[in-house]
Amino acid sequence: ASQQVFNQSVFTGLQAAKASRDYYAVNTKLTEEDVINQVSQAYYNVLITREQVGFQQTNVKNLEQLVTTTQAQFENGLAKKIDLDRIKVNLTNARTRLTSLKNQLDIQQQQLKMLMGMPLDGSISLQPVPLTDLEQVSVEAPAIEPFRAGDLLQMRLLDVQERLYRYQKKAYQAEYYPRLSLFANYSYNAVSNEFDFLKKNGTSVDYDMSTIGVRLNIPIFDGFARRARVAQGSIDLYKLEKQREYTMLQLNTVYESARTQMINSMNTIRLQKENMQLAQEVYYSSKQNYDLGLATLTDLLNAETSLVEAQNSYAQALLAYQVARIEMLKATGRTTTLVQ
């Protein structure tokens, strides 16, 4: 039997074990936040792309109707063949953009399933969210919280890592300390010319032996290896301090970028919505005038192109706001509120 009475390395190791549990607990929470962040961004990407697909489908439908109308006018001598061909070219381009958007939507849905841990061959059904609801989120946006580095898991993780490095350095320093332990040995022996150890009146000679003592190990010289390990521990702490400064600067930059993007996106959403509504009015007016022969085909196609660009810009502005909002929640340590 042996029992250590004093070993500074063991005491330091017990403290480091608790710090290690704290490190992995914080790291688990940080990983959870990263997953929530990635899934949320992928989710809004899918929603916005799906709305863009809807815009493009409406655009294709309008051009198909325009082709039908112009085809009838051409057959009756009221339209030129070049006008019909121009509309067909625009229709082909619109169908190509629609196919591209559908492919993009499929890829984004696959990415979302992957991030959610779903089988890629499984089906996913997302409840439609009107763009007006996403716009309302930006209108009712709460006040932007100030940046507090102490609330962020990234900084807490560095704090725990610093504790681990300090314990590691103490463990190296503890190698200079002597180690004291108690020990006790007990043995029982029997000697005989015959195999009659278990007999009551056997010929064996029995005797026992025991020792109790104290063992003291004193480190004297190890070729300066301990000193080198202690110096390495100091270097690790210095590197961690520089990493803390860089992480603080990085997190503050993310916060300021997200705050600026949120403010700009809220203004952009309002402007792009007004622009989209105006583009819709211009398109419908141009369509009516074209049907009545009061507008040229060029005016109508330009109005159609402007409408598509305005719709896409509006959708992209909503996406930019949602991404900035997610980054802001991450920069203020409130990512988990996305799942509440």
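Our structure is the block above this text.
Right, let's walk through the structure included here. (Residues numbered from 1 in each chain as written. Predicted model: local features only at pLDDT ≥ 70, side-chain atom pairs only at ≥ 80, totals over all residues. Heavy atoms only, no water.)

## What to know about the pattern of salt bridges
Put simply, the rule reads: A carboxyl oxygen of Asp or Glu within 4 Å of a side-chain nitrogen of Lys or Arg is what we treat as a salt bridge. Put simply, DSSP marks the helices as runs of H or I at least four residues long and the strands as runs of E at least two long, and each gets a number from the N terminus on. Only protein chains enter the accessibility calculation, which uses a 1.4 Å probe. A residue is then buried if its area is under 20% of the maximum for its type, exposed if over 50%, and partly exposed in between.
Across all of its chains, the model carries 11 salt bridges by this definition. In this structure, Asp22 and Lys18 form a salt bridge, with 3.6 Å as the shortest nitrogen-oxygen distance. In this pair, Asp22 and Lys18 both sit in helix α1 (residues 8-75), four residues apart, roughly one turn of the helix. On the accessibility criterion, Asp22 (25% relative accessible area) is partly exposed. Salt bridges linked by common partners bring Asp159, Glu162, Arg166, Glu241 and Arg244 together as one network.

## Things to note about the pairing of strand β2 (residues 179-191)
Keep this limit in mind: Pairing between strands is defined by DSSP: at least two bridges between the two strands are required.
With four bridges connecting them, strand β1 (residues 2-6) and β2 associate as antiparallel partners. Looking across to β2, one finds that Gln4 is bridged to Ser181. Pairing geometry for β2 and strand β3 (residues 205-217), over 13 bridges, is antiparallel. Opposite Leu180, over in β3, you have Leu216 as the bridge partner.

## Let's talk about the nonpolar core
Basically, it comes down to this: Buried Ala, Val, Leu, Ile, Met, Phe, Trp, Tyr and Cys residues that are joined via side-chain atoms within 4.5 Å together make up what is termed a nonpolar core. When checking whether two residues touch, look at their non-hydrogen atoms; a contact exists if any pair is within 4.5 Å.
Core analysis: the biggest nonpolar cluster contains 46 residues, and Ile48, Leu66, Leu131 and Leu318 have the highest contact counts within it. Broken down by element, the residue count for this core peaks at 16 residues, all from helix α6 (residues 297-331). The contacts of Leu131, once residues within four sequence positions are left out, are Ile48, Glu51, Phe55, Tyr314 and Leu318. In terms of nonpolar packing, the next biggest core, distinct from the first, is built from 10 residues, Ala19, Val26, Leu30 and Tyr167 among them.

## Examining the environment of Tyr321
Along the chain, the position of Tyr321 falls in helix α6. Spatially, the C-alpha atoms of Tyr321 and Thr203 are 96 Å apart, while their sequence positions differ by 118 residues.

## Quick look at a nonpolar patch on the surface
Rules: Residues form patches when they are more than 30% accessible in relative terms and have no salt bridge. Like charges link within 9 Å. Nonpolar side chains (Val, Leu, Ile, Met, Phe, Trp, Tyr) link within 5 Å. The Shrake-Rupley method, run with a 1.4 Å probe sphere, supplies the accessible areas, and residue values consider only the shown protein chains as cover.
Together, Leu216, Ile218, Ile220, Phe221 and Phe224 give the surface a local cluster of nonpolar side chains, amounting to about 620 Å² of exposed area. Position of Ile220 among the secondary structure elements: in the loop between β3 and α5 (225-291). Ile220 sits in the exposed class, given a relative accessible area of 75%.

## What to know about the packing of helix α4 (residues 153-174) against α5
So the rule is basically this: Axis definition: a line fitted to C-alpha atoms, limited for helices to the stretch in contact. Angles are taken between N-to-C directions and run from 0 to 180 degrees. Oblique is the label for every angle not falling under 35 degrees (roughly parallel), over 145 degrees (roughly antiparallel), or within 65 to 115 degrees (roughly perpendicular). For this classification, the nonpolar set comprises Ala, Val, Leu, Ile, Met, Phe, Trp, Tyr, Cys and Pro, the charged set comprises Asp, Glu, Lys and Arg, and every other residue, Gly included, is treated as polar.
Direction vectors running N to C along α4 and α5 enclose 170 degrees, while the axes themselves pass 9 Å from each other. Put simply, α4 runs roughly antiparallel to α5. Residues Gln154, Met155, Leu158, Asp159, Gln161, Glu162, Tyr165, Arg166, Lys169, Tyr172 and Gln173 of α4 lie in contact with α5, whose contacting residues are Arg229, Val230, Gly233, Ser234, Asp236, Leu237, Leu240, Gln243, Arg244, Thr247, Met248 and Leu251. Taken together, the residues of the contact of α4 with α5 break down into nine nonpolar, seven polar and seven charged.

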